[in-house]
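Examining the three-dimensional arrangement
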Amino acid sequence: MLAIIGTVPDQDFPLAAGEVVLVNNEIYIEGKKVSVNRGTPALLASAIKTCEVLDIPGPFGYLVGDIGHGDGSRSLYEHLTRVLGKCNYHTIAFHYLQPDADWHNRVLFAVEEMAQRPVLIADAGFMYAAKMSGRSCEYDLFTPDIGELAFLADEEAPHPFYTRGFILHEENRVPDLISRAYSHRNAARCLLVKGEKDYVADSEGIRTVVDHPSEEAMEAMGGTGDTVTGIASALIDSGMPVHDAAVAAVRANRIAGSYAKPTPATQVKEIVEHIPGALEEILHKEERISEQIRA
Amino acid sequence: MRKLAFLNNIFKQRKSEPAPEGPKVDRGILVFENTSEVIRAEGILKKKGWDIRVMGPPPEIRSGCDLIIEIPLIEELNILRTLEEVGNPPLQMVPVSSPLLQPVDLFQKKDFGRHLMIRAANMKLTIDKETQVIVNVSGGGCPDVPYLAQEMVGKSLSEAPGPREIGHTLCGYALQLAYEEMIRRC
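Residues numbered from 1 in each chain as written. Chains lettered and ligands numbered in written order. Predicted model: local features only at pLDDT ≥ 70, side-chain atom pairs only at ≥ 80, totals over all residues.

**Let's talk about the overall build of chain B**
Along the backbone of chain B there are six helices and eight strands. For chain B, the succession of helices and strands along the chain, N to C, is α-β-α-β-β-α-β-β-β-β-β-α-α-α. Taking all 186 residues of chain B together, 42% fall into the buried category. (Helix = DSSP H or I, 4+ residues; strand = E, 2+ residues; numbered from the N terminus. Buried ≥ 20, exposed ≤ 12 C-beta atoms within 10 Å, placed from the backbone.)

**What to know about the domain arrangement of chain B**
All names here are of chain B. Split by domain assignment, chain B resolves into domain 1 (23-96) and domain 2 (107-185). Taking only C-alpha atoms into account, the centre of domain 1 sits 25 Å from that of domain 2. Of the residues lining the interface, seven residues belong to domain 1; the matching set on domain 2 comes to six residues. The residue inventory of the side of domain 1 that touches domain 2, partitioned by class, reads three nonpolar, four polar and no charged. (Domains from an automatic or database assignment. Contact = placed C-beta atoms within 7 Å. Nonpolar A, V, L, I, M, F, W, Y, C, P; charged D, E, K, R; others polar.)

**A few points about the sheet that holds strand 3 (residues 68-72) of chain B**
Residues and elements named next belong to chain B. Overall, antiparallel pairing links the four strands, which are arranged 2-3-1-4 in an open sheet. Bordering the open sheet on either side are strand 2 (53-55) and strand 4 (92-96), each of which pairs with just one other strand. With direction set aside, neighbouring strand axes in the sheet form an average angle of 35 degrees. Alignment of strand 1 (residues 27-31) against strand 3, held across four bridges, turns out to be antiparallel. (Pairing = 2+ DSSP bridges. Axes fitted to C-alpha atoms, helices over the stretch in contact; angles between N-to-C directions.)

**Considerations on helix 7 (residues 224-237) of chain A**
All names here are of chain A. If you check helix 7, its first and last C-alpha atoms are 20 Å apart, about what 14 residues at 1.5 Å a residue would give, namely 20 Å. Taking burial as the measure, the 14 residues of helix 7 include 14 buried ones, the bulk of the element. Taken from the residues just after helix 7, G239 is the one with a positive phi, measuring 110 degrees. (Expected span 1.5 Å × (residues − 1).)

**Let's talk about the pairing of strand 3 of chain B**
Summarising the sheet, strand 2 of chain B and strand 3 of chain B pair through three bridges and their orientation is antiparallel. Residue B:R53 lies in a different strand from strand 3 of chain B, and its bridge partner there is B:E70.

**Some words on the interface of chain B and chain A**
Taken together, the contacts link 40 residues of chain B with 39 residues of chain A. When contributions to the side of chain B that touches chain A are tallied by element, the ones reaching two or more residues are strand 6 (115-120), strand 7 (123-128), strand 8 (134-139), helix 4 (144-152) and helix 6 (170-185) of chain B. Of the residues that constitute the side of chain B that touches chain A, the class distribution is 19 nonpolar, 17 polar and four charged.

**What about the pairing of strand 6 of chain B?**
All names here are of chain B. Counting buried positions over the six residues of strand 6 gives six, a clear majority of the element. By the alternation rule, side chains of strand 6 split into H115, M117 and R119 and L116, I118 and A120, which are all buried. Bridge count between strand 5 (residues 107-111) and strand 6: five bridges; the pairing is antiparallel. Bridge assignment links K109 to a residue of strand 6, and that residue is I118. Between strand 5 and strand 6, which pair antiparallel and follow one another directly, the connecting turn spans three residues, one of which, G113, has a positive phi of 95 degrees. Hairpin connection, strand 6 to strand 7: the antiparallel pair is bridged by two residues, and A121 has positive phi, about 55 degrees.

**Points about the packing of helix 2 (residues 71-83) of chain A against helix 3 (residues 101-112) of chain A**
Residues and elements named next belong to chain A. The contact between helix 2 and helix 3 brings their axes to 8 Å, and the two run at 25 degrees. Accordingly, the angle class assigned to the pair helix 2 and helix 3 is roughly parallel. The way helix 2 lies across helix 3 gives a crossing that is left-handed. On helix 3, the residues that touch R74, Y77, L80 and T81 of helix 2 are W103, R106, V107 and A110. When grouped by side-chain class, the residues that make up the contact of helix 2 with helix 3 number five nonpolar, one polar and two charged. (Parallel < 35°, antiparallel > 145°, perpendicular 65-115°, else oblique. Left-handed = near helix turned anticlockwise from the far one by under 90°.)

**Focus: the nonpolar core**
In terms of nonpolar packing, the biggest core is built from 147 residues, with A:A246, B:L125 and B:A174 touching the most fellow members. At eleven residues, the largest contribution of residues to this core is made by helix 8 (residues 242-260) of chain A. Domain assignment of the residues forming this core places at least three in each of domain 1 (23-96) and domain 2 (107-185) of chain B. Other than its neighbours up to four places away in sequence, A:A246 contacts A:L141, A:C190, A:L192, A:V200 and A:A232. (Core = buried A, V, L, I, M, F, W, Y, C linked by C-beta atoms within 7 Å.)

**A word on the environment of A:G65**
All names here are of chain A. Structurally, the position occupied by G65 is in strand 5 (residues 60-65). Given 24 C-beta atoms within 10 Å, G65 falls into the buried group. Placed 97 residues apart in sequence, G65 and Y162 show a C-alpha to C-alpha distance of 27 Å. When residues no more than four places from it in sequence are discounted, the contact partners of G65 are T7, V8, D10, Q11, D12, F13 and G72.

**Brief notes about the sheet that holds strand 5 of chain A**
Residue and element names in this part refer to chain A. The eleven strands are arranged 4-3-2-5-1-6-7-8-9-10-11 in an open sheet whose pairing can be described as mixed. Single-partner strands in this sheet number two, and they are strand 4 (32-35) and strand 11 (205-210). The pairing of strand 1 (residues 2-8) with strand 5 spans six bridges and is parallel. Looking at the pairing, A3 lines up with F60 of strand 5. Where helix 1 (residues 39-54) meets the sheet, its contacts fall on strand 1, strand 2 (16-23), strand 3 (26-29), strand 4, strand 5 and strand 6 (91-94), and the angle it forms with strand 1 comes to roughly 155 degrees.

This is how it looks when you write it as structure tokens:
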């Protein structure tokens, strides 16, 4: 089963842990609802859509309200340290949480108590905390954008806000930045770098580059990175190898984006609607190729 | 008693040994409970005309999402009094001699025709150039990013609350820089 852990932008949203369902652009957890627009709700929505296509159980969510004070995140961290060790998840995706190196380490200790080690994915604030703690290597997948990749590549920076100027986050520097992130042990086993071109890499270098279909406007849209991480998380939970899931996720996200015909003003929920169609296209194409190979 | 002996030793050393050469300590840092208090203090102190800078903390006091305020030590008492008066005092003041982390100061602009996007660090702000309405906020990983987007998207630059007013994290602060740059360009 897939667990997704993050926050929602509502100070009064209490800590909730349970199965998550998606109804008309809203996710529901323990009877409470939150709009799908960006952040962890967008990640959850895309994961749910992917699970439906794959016909596997939907994600289990751990959510709490936090608008940046960090109190919600800390209560969720504390909850995770108590419950995670007794849980049984195939995959865990950590997302928007207040970066806190100390709490991050306590959560990782709880993960180590699990009977079977899950596949660990980190994005957003939790990825920042993982890097700052010097424990990036314990993760299976990080999903940074290019700005965040520059932060991973800067061994001194505790947050993307402090990435040093000489480590420029430009598209043509991506191979160098990936190499630098691995040389300082600040990358997960697999990196999915989201940008004008999407890169899937490991410590040996770049494995796959995906650059089509291309919708320039998606760079300006909030939440498009969250949907990639959601799709990848669900594909990994279905048993797909991490590299293959990362490549399929960026392809599906690009196709879903092209179906939505976005402008820089398009909201991510319009892309979420197209994820099933995009995934069907990719999975059927792969089936056809497999059949051709068998024939 | 032990503390007194320690201080006596220091004074003895000062009498018998010349002061070691080292970096000049004329700056101090104010450490606050959280980033929101830093952002509030920065606004207050800048309005009063103090020569202060928002910077990254030294490694020994980093937790993950931190800012500090660098001040001229000579103004310490006046600055502390100002912050006490407005109910926003720091947790502590520490002299510094080593270089602090510099916040990002590079901006990237992307013109989509009708829309303009500005990026500061990991945060992107996009507006409709004709109406000056904020159409998207993206990037970032701290939990106030979805909240800032929720409160700002759909409002014009003049109507939307500034990230400095409602943001609480480094991502919020980065968005403030993008927001200021956008206002400067529009």
